[in-house]
Amino acid sequence: MKNNPEHRNTNARRRGVRGICVRLIFILAAIGLLSVSATAHPGAGIAVDRAGQIYFIDTGSGLWRIDTAGRLTHLSRTLFHWLALDEDNRFANTQFQSGALGEILKVGSNPTVLLSSDYPIAIGVDRNLYYPSGAAGKLQLMRMTPAGATSVVVPFPATINGKPLPYIGGIIAGPENSLYYSENSAIRKIDAQARVSTVVAVRAQANPPSIPATSEHPYLRGLALSDHGVLYVADTGDARVLKIASSRNLTTILQTQSPWSPTAVALFGDDVYVLEYLHTARDVRRDWLPRVRKISANGQSTLIATLDQMPGAR
């Protein structure tokens, strides 16, 4: 959203409508007509553009960018959860629909940043937008073209445990028009023929940490795929980032200390960027404090963005 005075009334109306939608979401969730997580959760949006600039969501203050010199810029005060980068600005003029099921907004250009309120989103290799839609247990993968046309790609199958899939934790594009998504304890692949397979099932740690307001172990959320076919995923429930070279080769490359836990990852070359949050038992967005970590190819781990570097965030 823009912050100049002439937009204040419009922004106020939008916030009012969004507040009504949020209340409706929880009503629908209570009666089982909408897929939402059982507990509120911090954002899981982080991405790196072609120039190496990092974009991340702070659920308490909005969208931020870290440029290649390490400077932070506050780009938007929209308090959403997920993002995707439209590097070619193909969706710059797309009219996105909004309602009780969620909302997608656009910020900036070169790249255009797409912000999603209620579900993960991804730009595919074909440059179309992909996202889940539907009630818990009846989720479908949707495709949207830059012209705004939507179509169903495939219904999501039950989880690897045979239970109805209530939500997905993250979604990314893969090679040959494939997509990868995370459910609580697995990463799965949807190929170009819309066939769904399990890439890896993840077991909980023997003595998992206690993360406030998080009862799932594991709880896989944001993920990333390297050019070499190596997957990285944030396991929020077990406060770790996993590197997955194959279904039998899983390595923990980061273990945080509760109440801090990772929610999403992004890659730039051989470097891994991790969005982490301080989790709390209260459903208060401003309590969830973000930070961004860089894990270099040599394994060195460095915090590159913390709240004290984000003026106006709290």
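Residues numbered from 1 in each chain as written. Predicted model: local features only at pLDDT ≥ 70, side-chain atom pairs only at ≥ 80, totals over all residues. Heavy atoms only, no water.

A.B. asks: Can you break down the layout of surface pockets residue by residue, with the values?
C.D. replies: Reported here for the second largest pocket is a volume of approximately 1,200 Å³. For the second largest pocket, the lining is made up of 42 residues, of which Val48, Ile172, Ala173, Leu225 and Leu267 are closest to its centre. For the lining of the second largest pocket, the secondary structure elements donating two or more residues are strand 1 (46-48), strand 5 (82-86), strand 8 (122-123), strand 12 (170-173), strand 16 (220-225) and strand 20 (260-268). (1 Å grid on protein atoms, 1.4 Å probe; cavity = no way out; pocket = protein on both sides within 12 Å on 5 of 7 lines; lining within 4 Å. Points joined across faces, edges and corners; volume = space filled by probe spheres on them. Helix = DSSP H or I, 4+ residues; strand = E, 2+ residues; numbered from the N terminus.)

A.B. asks: So, the environment of Val154: which residues are in play, and what are the values?
C.D. replies: Tracing the chain through its elements places Val154 in strand 11 (residues 150-155). For the pair Val154 and Gln193, spaced 39 residues apart in sequence, the C-alpha separation works out to 9.5 Å. When residues no more than four places from it in sequence are discounted, the contact partners of Val154 are Gln140, Leu141, Ile190 and Ala194. (Contact = heavy atoms within 4.5 Å.)

A.B. asks: Any chance you could break down the sheet that holds strand 6 (residues 104-107) for me, citing the residues and the numbers?
C.D. replies: Pairing within the open sheet is antiparallel, and its three strands lie in the order 5-7-6. In the strand order of this sheet, the two ends are held by strand 5 and strand 6, each with one partner. Neighbour-to-neighbour, the strand axes of this sheet turn through a mean angle of 25°, independent of strand direction. Two elements, strand 6 and strand 7 (residues 112-116), share four bridges in a ladder whose sense is antiparallel. Paired with Lys106 across the bridge in strand 7 is Leu114. (Pairing = 2+ DSSP bridges. Axes fitted to C-alpha atoms, helices over the stretch in contact; angles between N-to-C directions.)

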